[in-house]
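Residue-level listing of the chains:
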Amino acid sequence: QVQLVESGGGSVQVGGSLRLSCAASGFTFSRYAMGWFRQAPGKEREFVAAITRSGGSTYYAESVKGRFTISRDDPKNTVYLQMNSLKPEDTAVYYCAANPAAVSYYQRHYDYWGQGTQVTVSS
């Protein structure tokens, strides 16, 4: 069955870095655009970053642009989110998701979702 399993979350101090991974199985990974979303306590889930099926183009929310980098490794069926210069407002549960069509900022375009991994940034 389809699975997306995130890992790499944890607690880090302001200015620190984390790399999230999302391992996919049960579908043809290379045919899907991939995205990362996050949900902070008391807030709606929001777009963070996305990458096209080819990996040739990436897209970011303004709040993370220049600090986060999304990448994919198709032979490993894995998408990554490198997060640098972390801020307290980056604290959230981070989800990866798979989109069978073109890359999108919108959650409704994503068919498959992981269970999420917690990232906590403290000052």
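Everything here concerns the structure above.
In every chain, residue numbers begin from 1 and rise along the written sequence. Local features in this predicted model are restricted to residues whose pLDDT is 70 or higher, and side-chain atom pairs enter the listing and the counts only when it is 80 or higher, whereas totals over whole chains, interfaces and linings include all residues. The side-chain figures draw on all heavy atoms in the structure; neither hydrogens nor water molecules are used.

K.L.:
Help me understand the packing of aromatic side chains in this model?
P.N.:
For any two aromatic rings, the description comes down to two numbers: the centre-to-centre distance and the angle of the planes. In this scheme Phe, Tyr and Trp rings, the latter by its six-membered ring, pair at centre separations within 6.5 Å, and the angle between planes marks the pair as stacked below 30 degrees, edge-to-face above 60, and tilted otherwise. For the coordinates displayed, the defined rule picks out nine aromatic pairs. Both rings, one in Phe27 and one in Tyr112, keep their centres 5.1 Å apart while their planes meet at 45 degrees; by these two values the pair is tilted. With Phe27 in the loop between β3 (18-25) and β4 (33-39) and Tyr112 in strand β10 (residues 112-113), this pair connects stretches of sequence that are 85 residues apart. On the basis of an interplanar angle of 75 degrees and a centroid distance of 5.7 Å, the ring pair of Phe37 and Phe47 is categorised as edge-to-face. With a gap of 10 residues between them, Phe37 in strand β4 and Phe47 in strand β5 (residues 46-51) connect regions that are remote in the sequence. Like Phe47, Phe37 is buried. Clustering of aromatic rings is evident, with ring pairs tying together Phe37, Phe47, Tyr59, Tyr105, Tyr110 and Trp113. Both a distance and an angle decide whether a charge sits over a ring: NZ of Lys or CZ of Arg must be within 6 Å of the ring centre and within 35 degrees of the ring normal. Sitting over the ring of Trp113, Arg45 keeps its end group 3.9 Å from the ring centre. For Arg108, the ring lying beneath its charged end belongs to Tyr106, and the centroid distance is 4.8 Å. For helices the rule is a DSSP run of H or I covering at least 4 residues; for strands it is a run of E covering at least 2, with both sets numbered from the N terminus onward. Each residue is assigned to one of three classes by its accessible area relative to the maximum for its type, calculated with a 1.4 Å probe on protein chains only: buried under 20%, partly exposed between the two thresholds, exposed over 50%.

K.L.:
Sorry if this is basic, but what is going on with unusual backbone geometry here?
P.N.:
Comment: phi is negative for the bulk of residues other than glycine, and the bulk of peptide bonds are trans. Residues other than glycine seldom take positive phi values, yet Asn77 does so here, at roughly 50 degrees. Among the secondary structure elements, Asn77 is positioned in the loop between β7 (68-73) and β8 (78-83). A relative accessible area of 27% means that Asn77 is categorised as partly exposed.

K.L.:
Looking at this model, I keep getting lost on the nonpolar core. Mind explaining?
P.N.:
For soluble globular proteins, the rule of thumb is that nonpolar side chains tend to be buried together. To qualify as a nonpolar core, a set must consist of buried Ala, Val, Leu, Ile, Met, Phe, Trp, Tyr and Cys residues joined through side-chain atoms within 4.5 Å. In terms of nonpolar packing, the biggest core is built from 35 residues, with Trp36, Val79, Leu81, Met83 and Tyr94 touching the most fellow members. At the level of elements, β3, β4, β5, β7, β8, β9 (92-99) and β11 (117-122) are the ones that each hand at least two residues to this core. When checking whether two residues touch, look at their non-hydrogen atoms; a contact exists if any pair is within 4.5 Å. For Val79, the contacting residues outside a window of four places in its chain are Leu20, Ser21, Cys22, Phe29, Met34, Trp36, Ile51, Ile70, Ser71, Arg72 and Cys96.

K.L.:
Quick question: what am I supposed to make of the sheet that holds β8 here?
P.N.:
Hydrogen bonds between backbone groups are what pair the strands of a sheet, and the pairing can be parallel or antiparallel. Taken in spatial order, the four strands make up an open sheet running β1-β3-β8-β7, and their pairing is antiparallel. Each edge of the open sheet is held by one strand with a lone partner, namely β1 (3-7) and β7. In this sheet, adjacent strand axes meet at a mean angle of 15 degrees when their direction is disregarded. Here, strands pair whenever DSSP counts at least two bridges between them. Note: β1 against β3, five bridges, orientation antiparallel. Pairing of Val5 across the sheet is with Ala23, part of β3. Helix axes use the C-alpha atoms of the stretch in contact, all axes being lines fitted to C-alpha atoms, and the angles between their N-to-C directions lie in the range 0 to 180 degrees.

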